[in-house]
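# Structure at a glance
Residue strings, one per chain:
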Amino acid sequence: MKTTSENKDNDFFSHETAVIDKECSIGFGTKIWHFSHIMPNSTIGLNCNIGQNVVISPEVVLGNNVKVQNNVSIYTGVTCEDDVFLGPSMVFTNVVNPRSAINRRGQYSKTTVKKGATIGANATIVCGNDIGRFALIGAGAVVTKSVMDYALVVGNPAKQIGWVGEFGHRLEFGKNNEAICPESNQKYKLEKGKVKKIE
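Residues numbered from 1 in each chain as written. Predicted model: local features only at pLDDT ≥ 70, side-chain atom pairs only at ≥ 80, totals over all residues. Heavy atoms only, no water.

## Some thoughts on the pattern of salt bridges
Pairing of side chains with opposite charge becomes possible as their charged atoms draw close. Throughout the structure, instances matching the rule amount to two salt bridges. Residues Lys115 and Asp83 are paired through a salt bridge, measuring 2.8 Å at the closest nitrogen-oxygen approach. Separated by 32 residues along the polypeptide, Lys115 in the loop between strand S16 (111-113) and strand S17 (118-119) and Asp83 in the loop between strand S13 (78-80) and strand S14 (85-86) bring together distant segments of the chain. On the basis of relative accessibility, which here comes to 29%, the residue Lys115 falls in the partly exposed class. Glu166 serves as the salt-bridge partner of Lys197, at 3.4 Å between the closest nitrogen and oxygen. Of this pair, Lys197 sits in strand S25 (residues 194-198) while Glu166 sits in the loop between strand S22 (159-163) and strand S23 (178-180), and the two are 31 residues apart along the sequence. With relative accessibility at 24%, the residue Lys197 sits in the partly exposed group. (Salt bridge = Lys/Arg side-chain N within 4 Å of Asp/Glu carboxyl O. Helix = DSSP H or I, 4+ residues; strand = E, 2+ residues; numbered from the N terminus. Buried < 20%, exposed > 50% of the residue type's maximum accessible area, 1.4 Å probe, protein only.)

Okay, structure coming up:
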């Protein structure tokens, strides 16, 4: 990881219209596109793609290979682990009860999006609700509670309607509570209301 002032070797790409503040860390191979703003003390991992008109606020942490589509604001309090996908115009919040006349800086709730999760276009994640590993949040969903690993959730408020595997395909569990991904042939087990990959 290098701070922006040390990008002499072109370790990452930033479009000329992007604004990158000092004291942030950006990993090798990352690309930052038009009109995006990377704020101080934020951390972006290796090989990330930051689309157009994205704001990454102070102290945000993005892992490796995170894909952020256009028009996304990632506010202080949010951490995205490796391989997270944030769809276009999805929304994070970081205060439960915002008021214009009341300063709630320093009261930001924390939200973690865990490894491999996908958040669809125009979805909203109400702060303080974590998104599990490889979960899939449907487009336009409003998430008001934490989401389990491999869960498929849709709607407003978001409700779980099934399970997905690591390749994003819906899992159909048979009599033995096992499912096979149609693309990867990975096997999964549903046990006590939770899904685990069979190694």
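Next comes the rest of the description.
## Things to note about the layout of surface pockets
Empty space within the largest pocket amounts to approximately 190 Å³. Looking at the lining of the largest pocket, its residues break down into seven nonpolar, five polar and three charged. (1 Å grid on protein atoms, 1.4 Å probe; cavity = no way out; pocket = protein on both sides within 12 Å on 5 of 7 lines; lining within 4 Å. Points joined across faces, edges and corners; volume = space filled by probe spheres on them. Nonpolar A, V, L, I, M, F, W, Y, C, P; charged D, E, K, R; others polar.)

## Here we look at the sheet that holds S23
One open sheet accounts for three strands, arranged S23-S24-S25; its pairing is antiparallel. Two strands lie at the open edges of the sheet, namely S23 and S25, each paired on one side alone. When the angles between neighbouring strand axes are averaged without regard to direction, this sheet yields 30 degrees. Examined bridge by bridge, S23 and strand S24 (residues 187-191) share three bridges and lie antiparallel to one another. (Pairing = 2+ DSSP bridges. Axes fitted to C-alpha atoms, helices over the stretch in contact; angles between N-to-C directions.)

## Section: the nonpolar core
Grouped together as the largest cluster of nonpolar side chains are 45 residues, with contacts concentrated most on Leu62, Ile74, Leu86, Phe92, Ile119 and Ile131. For this core, the secondary-structure elements that each account for two or more residues are S13 and strand S21 (151-154). Excluding anything up to four places from it in sequence, Leu62 contacts Thr43, Ile44, Gly45, Ile50, Ile56, Val68, Ile74 and Cys80. (Core = buried A, V, L, I, M, F, W, Y, C linked by side-chain atoms within 4.5 Å. Contact = heavy atoms within 4.5 Å.)

## A short note on unusual backbone geometry
The phi angle of most residues is negative, glycine excepted, and most peptide bonds adopt the trans form. Here Asn156 and Pro157 are connected by a cis peptide whose omega angle stands at -5 degrees. Here Pro157 lies in the loop between S21 and S22. Phi at Phe35 takes a positive value of approximately 65 degrees, unusual for a residue other than glycine. Examined against the element boundaries, Phe35 turns out to sit in the loop between strand S5 (31-32) and strand S6 (37-38). Look at Phe35 and you get exposed, because its relative accessible area is 54%. If you check the backbone angles, Asn177 has positive phi at about 60 degrees while not being a glycine. Within the fold, Asn177 resides in the loop between S22 and S23.

## Describing the pairing of S22
Here S21 runs beside S22; their pairing, made up of four bridges, is antiparallel. The partner of Leu152 across the bridge, within S22, is Gly162. Remark: four residues form the turn of the hairpin made by S21 and S22, two consecutive strands paired antiparallel; Gly155 in that turn has positive phi of roughly 95 degrees.

## Brief notes about the pairing of S25
Two elements, S24 and S25, share five bridges in a ladder whose sense is antiparallel. When the sheet's bridge partners are listed, Lys189 is paired in S25 with Lys196.

Function-wise, these values are silent; they only describe arrangement.
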